[in-house]
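One letter stands for each residue in the lines below.
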Amino acid sequence: MLDYDDHVAVAVSGGKDSLTLLNVLAKLEDRFPRSHLTAISVDEGIDGYRDEALQLARKACHQLDVTQVVVSYRELFGVTTDEIARMKLGQTPCSFCGVFRRKAINKAAAKVGATKIATAHNLDDEVQTVLLNMLHGDPMRIIRSGPVIRDPRGKFLPRIKPLCDIPEKEIVLYAYLNGIEFQSIECPHGHAALRNDIRAFLNQLELKHPGIKFTLQRTAQRLRDTLAEAAPLIELQQCQRCGDPTPHELCEACVMLEAIAA
Ligand SMILES: [Zn+2]
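Predicted, not measured: the structure shown is a model, and the values here were computed from it.

(A) Region of interest: the coordination of the zinc ion. In this structure, Cys239 (SG), Cys242 (SG), Cys251 (SG) and Cys254 (SG) serve as the protein donors to the zinc ion, at separations of 2.3 Å. Coordination at the zinc ion is tetrahedral: its 4 donor atoms span angles of 103 to 118° at the metal. Mapping the donors of the zinc ion onto the primary sequence gives the spacing C-x2-C-x8-C-x2-C. With Cys239 in the loop between strand S7 (237-238) and strand S8 (245-246) and Cys251 in the loop between S8 and helix H11 (252-261), the pair connects residues that are 12 residues apart, well separated along the chain. Residue Cys239 is classed as buried on the basis of its relative accessible area of 4%. Classification of Cys251 as buried rests on a relative accessible area of 7%.

(B) Spatial organisation of the state of the cysteines. Taken as a whole and assessed by the stated rule, the structure comprises 0 disulfides. There is no disulfide at Cys61, and the cysteine sulfur nearest it, in Cys97, is 19 Å away.

(C) Here's a closer look at the sheet that holds strand S1 (residues 7-11). In space, the 6 strands of this open sheet follow the order S3-S2-S1-S4-S6-S5, with mixed pairing throughout. Looking at the sheet topology across the chains shown, the edges are occupied by strand S3 (67-72) and strand S5 (148-149). In the sheet, strand S4 (residues 116-118) pairs with strand S6 (residues 159-160) via 2 bridges, with the strands oriented parallel. Bridging across to S6, Ile117 finds its partner in Arg159. Its contacts with the sheet place helix H1 (residues 16-31) against S1, strand S2 (36-43) and S4, and it is angled at close to 165° to S2.

(D) Structural context of a nonpolar patch on the surface. A cluster of nonpolar residues, Met134, Leu135, Leu194, Leu223 and Leu227, forms a patch on the protein surface that exposes about 420 Å² of accessible area. Those elements that place two or more of their residues in the nonpolar patch are helix H6 (123-135) and helix H10 (212-227). Tracing the backbone through its elements, the reader meets Leu194 in helix H9 (residues 193-208). A relative accessible area of 34% means that Leu194 is categorised as partly exposed.

Cut-offs used in this document
- Residues numbered from 1 in each chain as written.
- Predicted model: local features only at pLDDT ≥ 70, side-chain atom pairs only at ≥ 80, totals over all residues.
- Heavy atoms only, no water.
- Donors = N, O, S within 2.8 Å, 3.2 Å for Na, K, Ca; no water.
- Tetrahedral: all angles 85-135°; square planar, octahedral: opposite > 155°, others 65-115°.
- Helix = DSSP H or I, 4+ residues; strand = E, 2+ residues; numbered from the N terminus.
- Buried < 20%, exposed > 50% of the residue type's maximum accessible area, 1.4 Å probe, protein only.
- Disulfide = S-S within 2.5 Å.
- Pairing = 2+ DSSP bridges.
- Contact = heavy atoms within 4.5 Å.
- Axes fitted to C-alpha atoms, helices over the stretch in contact; angles between N-to-C directions.
- Patch = residues over 30% accessible without salt bridge, like charges linked within 9 Å, V, L, I, M, F, W, Y side chains within 5 Å.
- Areas by Shrake-Rupley, 256 points an atom, 1.4 Å probe, with all protein chains shown as cover.
- Salt bridge = Lys/Arg side-chain N within 4 Å of Asp/Glu carboxyl O.

Read these as layout, nothing more, since geometry by itself doesn't imply function.
Written out as structure tokens, the structure reads:
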């Protein structure tokens, strides 16, 4: 996933996963003098939730001597997740928030000159997403996603998930053992109903059949390796509004911004 001279932009929300990843990457960076690490934190504008997490992230960056860049939805998109939630737009605020977060991190990473973007998805997140994509009828998303996402044309910064093989429980344990202070309350807008059902289902299976999450992860990787050539590269053009690469006239974020403005 990493090269010795990478400038890694790591997305740090202030939760256990991202602060653990930040700690691990900071240790690695110390051993590779030509590597560089920048933390990127996104302020979605969620009252009573994001402020605490941002503070924990800031504190961790200070302790580890890592530069932190904070970008906000307000400044980038002119709207916050709390405001979107109040608009009742027909989709959950989480669908907007996910698209905006990806765009915000991409922008910030490009601005600091990063060569890779690291996110803290763990084994549980990854296998939940595999099942979620199956149950949404979107198998190609399984093929195009995964622990390392690279655009062969170089239109996007490569995205890596260094914790993809670490069970969530072990990350919690690592965070406790290393005295990492993290935010534990959940987002007030969080109601990803199907994902929660899948999480409960997988945890139940894992209890009865230890190792089953790893098996599912390997299965998805085998599918990717086998089917990668069958998945055609999506033609990309420039978004007519923001210039970002997109298969359509407007990128997903700009379509959402138009819906919000309407
Ligand atoms: Zn756009």
